[in-house]
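Remarks on the overall topology
Listed below are the residues making up each chain.
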Amino acid sequence: MKTNKYEIDMCNGSIMDKLISFSLPLMLSGILQLMFNAVDIVVVGRFSGSQTLAAVGSTTALINMFTNLFIGISLGTNVLAARFFAAGKSREMSETVHTSITLALISGIFMAFFGLFFSKPALTLMGTPPDVLNQSVLYMRIYFMGMPFFMLYNYGAAVLRAIGDTKRPLIFLIVSGLINAGLNMILVIVFHMAVAGVAIATIISQMISCVLVLRCLCQSEGSYRLRFSGLMLKSSYLKLIFQVGIPAGIQSTVINFSNVLLQSSVNSFGSIAMAGYTAANNIFGFLYVAVNSVTQTCMSFTSQNYGVRKYKRMDRILVDCIILTTVVSLLLGCGSYIFGNELLKIYTEDPSVIQCGLEILSYTTVTYFLCGLMDLFPGPMRGMGRSAVPMLLSIIGTVGTRIIWIFVFFPHHRTLSFLFLSYPLSWILTIILQVICFYFVRKKVYKESH
């Protein structure tokens, strides 16, 4: 039951209004987090030129590929904490929180070392052009130094989402986002620090959001209160977190690996196409966090109701989430296509770059409702603790289609349009596979309950 104004009672009462109340702050939080990178791109594109823009953008797919593995694992924290919280299991909830925060710290330190030592070999392997390689390496090395803060914020926010609180993480990101934007202006425009400036600004803003979310958990009352003296790595909870989180993380990582391959294909068109893809991909990212917020909402609501065995309510949650994700993705996708030219001008004034960006957006925006549906169905399955099969189907449907497209068909039709046609095709195939999978998972869960 709800015990303070930030919590949402996911197991009783109306559904749609609570889904919106939960998902809207989550959506805005995701958009603000993306703005850390977007502001980097806008500032360097405007004040340091297309080459610097290409240098920052060329790191995006690679950064996402590695960080999303650990961010995916935080979904395991969300599912497990939501289940224990709804069932009123205070000791289990507390131990889950402390295990998760410890895991976040270790993961962040690991990622910092990875960025420091492996940035250049990885970017070289991707075929990053020599004229932007050194700047790309510099940006990525500095960016990865902020990984401990980034991980701690995301795992802390996962705990708050588990109890229905998406409002305070939003407030924390508003504060850190404004600081990030201000520092970008100062370090790039005033001190001419280019890629180093935007990376340093991002680290500082991530540190601030991390401190705020940890402070919130430390001052909270009840089972999810954080005490640094209680930090632990308890194997029984790690196993349950990994059971949901590792497949989700692998799925996200492998999908981003396909994006790295796609980035390599874009790189073959030169720095103008790279800059256009960087700007278009950033717009594309805003669409993704919007639909993914509905997926995470569905997962959290399903997990709490699964914990108290309200299976019919879980069905109603999924139906409402299908409506919500379709409406959101159609509105934002069509809006991005209609105003694509104006949106791309935010990032650059180079007409050649804008033309490349528009060509990419034409295949990835209006059809984005397909991505929303594809992303949604693994959510309730993870909420029920079934994460491995949806992972495999997403890899087969999304990654498999794109790899075949890039290596078999693309060499015979070398245009940006043909390259990005792989997106809607892969979404359609994956939806079919995920819907079939959900039917059997749901059937099994209902059978086990009787």
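The structure presented is a predicted model; accordingly, all values stated were derived computationally and were not measured. (Residues numbered from 1 in each chain as written. Predicted model: local features only at pLDDT ≥ 70, side-chain atom pairs only at ≥ 80, totals over all residues. Heavy atoms only, no water.)

**What about the nonpolar core?**
Ranked by size, the top nonpolar core spans 105 residues in total, and within it M151, Y224, V266 and F420 carry the most contacts. Among the elements that make up this core, the one with the highest residue count is helix α3 (residues 60–86) (12 residues). If you look at the next biggest cluster of nonpolar residues, it comprises 26 residues, including F22, L26, L376 and C437. (Core = buried A, V, L, I, M, F, W, Y, C linked by side-chain atoms within 4.5 Å. Buried < 20%, exposed > 50% of the residue type's maximum accessible area, 1.4 Å probe, protein only. Helix = DSSP H or I, 4+ residues; strand = E, 2+ residues; numbered from the N terminus.)

**Description of the pattern of salt bridges**
Across all of its chains, the model carries five salt bridges by this definition. Taking the shortest distance from any N to any O, the salt bridge between D165 and R168 comes out at 2.6 Å. R168 matches D165 in its accessibility class, with the two residues each being buried. Residues joined in a network through salt bridges with shared partners are R91, E92, E95 and K234. (Salt bridge = Lys/Arg side-chain N within 4 Å of Asp/Glu carboxyl O.)

**Regarding a nonpolar patch on the surface**
Nonpolar side chains collect at one region of the surface, where F47, M185, I186, I189, V190, F191 and M193 lie side by side and expose about 640 Å² of accessible area between them. Tallying contributions element by element places helix α7 (residues 167–190) first for the nonpolar patch, with four residues. In this fold, V190 is placed in helix α7. The exposure class assigned to V190 is exposed, which follows from its relative accessible area of 53%. (Patch = residues over 30% accessible without salt bridge, like charges linked within 9 Å, V, L, I, M, F, W, Y side chains within 5 Å. Areas by Shrake-Rupley, 256 points an atom, 1.4 Å probe, with all protein chains shown as cover.)

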